[in-house]
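Tertiary structure, described
Residue strings, one per chain:
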Amino acid sequence: MTDLTLGAAHRTLRDEVTAELRRRILSGELAQGERLVEDRLAAALGVSRNPVRESIRVLAAEGFVEVVPRLGATVARLSAEEGEELFDVRMAVEGLAARLAARKRTPESARRLRAVLEQAKDAVENGQVERVADLNTAFHLAVGEAAGNAYLHLMMTPMLQRAQWVFSRTASVRGPHSWTEHLGLCEAIVAGDEDEAQARAVAHVAAARRSFLSAIGRTARHPND
């Protein structure tokens, strides 16, 4: 019988455990507010407590976990206010990324964007919600890479990890619409239309904001969103 525990993999355990715990938080398997018990997680993942403890520190730095002295660690809670702040930043950053991606477009960047879109189309059609969320993040990262700006890319990675946490709450509803919006954004980037690419990126984030706020029973702060 094949050992499928993480402890059996010949990789850096802290990174593997961090990735798996992050995945469980993003998917909701580890619910917001849930206590993270090191011994229990270590046993479930087939590792010692040390990589779990180290991973919890990493996830706390990323904002996915809250650590309270003498009380331990819990999955962080994402408030409506934090979600709104994230969307404000996404509008500015992703709008700029799309503009730069259109300006610096190459056949290779176009190929990467289209490849992610094809995978996302299959995931949406097959109802693979978790994979849709992963590919949503992959597409936005691909746009960031196509922008060709190292500082921008450095900002986008942690931002999009948080954005996936938001997207996972609405993926079953947003998936088909998000794919269509991504397709339009990709077309603008490939065409080299900087203004259109930026406008479509901003409109896409605004639509995601409305979907998120609808899911939690809130309305947007900005009437034009």
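Up top is the structure.
A brief look at the structure comes next. (Residues numbered from 1 in each chain as written. Predicted model: local features only at pLDDT ≥ 70, side-chain atom pairs only at ≥ 80, totals over all residues. Heavy atoms only, no water.)

**Digging into helix α1 (residues 13-27)**
Put simply, the test is: Helix and strand assignments follow DSSP, with helices taken as H or I runs no shorter than four residues and strands as E runs no shorter than two, numbered in order from the N terminus. For a helix, the expected span equals 1.5 Å multiplied by the number of residues minus one. Only protein chains enter the area calculation, which uses a 1.4 Å probe; residues under 20% of their type maximum are buried, those over 50% are exposed, and those in between are partly exposed. In this analysis, two residues are considered to be in contact whenever any of their non-hydrogen atoms come within 4.5 Å of each other.
For α1, which comprises 15 residues, the first-to-last C-alpha distance of 21 Å matches the rise-based estimate of 21 Å (1.5 Å per residue) to within 8%. Looking only at α1, the buried set comprises E16, V17, T18, E20, L21, R22, I25 and L26. Buried-residue contacts for α1 involve α2 (38-45), α3 (49-62), β2 (65-68), β3 (72-75) and α7 (150-167). G28 sits one or two positions beyond α1 and adopts a positive phi of about 90°.

**Considerations on the side chain of H204**
So the rule is basically this: Any pair of N or O atoms that falls within 3.5 Å is considered a polar contact. Within protein, one atom must be able to donate a hydrogen and the other to accept it, and sequence-neighbouring residues count only if both atoms are side-chain atoms.
Within the element layout of this structure, H204 appears in helix α9 (residues 194-215). When its relative accessible area of 3% is taken as the criterion, H204 is described as buried. Looking at H204, its side chain comes within polar contact range of the side chain of E181, at 2.5 Å. Every residue in contact with H204, bar those within four places of it in the chain, is listed here: N136, H140, R174, S178, E181 and H182.

**Digging into the packing of α1 against α7**
Threshold: Angles shown run from 0 to 180 degrees and are taken between the N-to-C directions of axes, each axis being a line fitted to C-alpha atoms and, for helices, limited to the stretch in contact. An angle counts as roughly parallel when it lies under 35 degrees, as roughly antiparallel when it exceeds 145, as roughly perpendicular when it falls between 65 and 115, and as oblique in every other case. Three categories are distinguished: nonpolar for Ala, Val, Leu, Ile, Met, Phe, Trp, Tyr, Cys and Pro, charged for Asp, Glu, Lys and Arg, and polar for the others, with Gly belonging to the last.
One can describe the packing of α1 onto α7 by two numbers: an axis separation of 8 Å at closest approach and a directional angle of 40°. The angle between α1 and α7 places the two elements in the oblique class. For the pair formed by α1 and α7, the contact residues are R22, I25 and L26 on the first element and Q161, Q164 and W165 on the second. Residues belonging to the contact of α1 with α7 are distributed by class as follows: three nonpolar, two polar and one charged.

**Quick look at the nonpolar core**
Selection criterion: Joining through side-chain atoms within 4.5 Å is the link that ties buried Ala, Val, Leu, Ile, Met, Phe, Trp, Tyr and Cys residues into a set, and such a set is a nonpolar core.
Counting residues in hydrophobic clusters, the biggest one holds 60 residues, and the most contacted among them are I25, L36, V65, F139 and W165. Ranked by residues supplied to this core, first place goes to helix α4 (residues 80-103) with nine residues. Non-local contacts of L36, meaning those with residues more than four positions away in its chain, are made with L30, L41, I56, V65, A73, T74 and V75.

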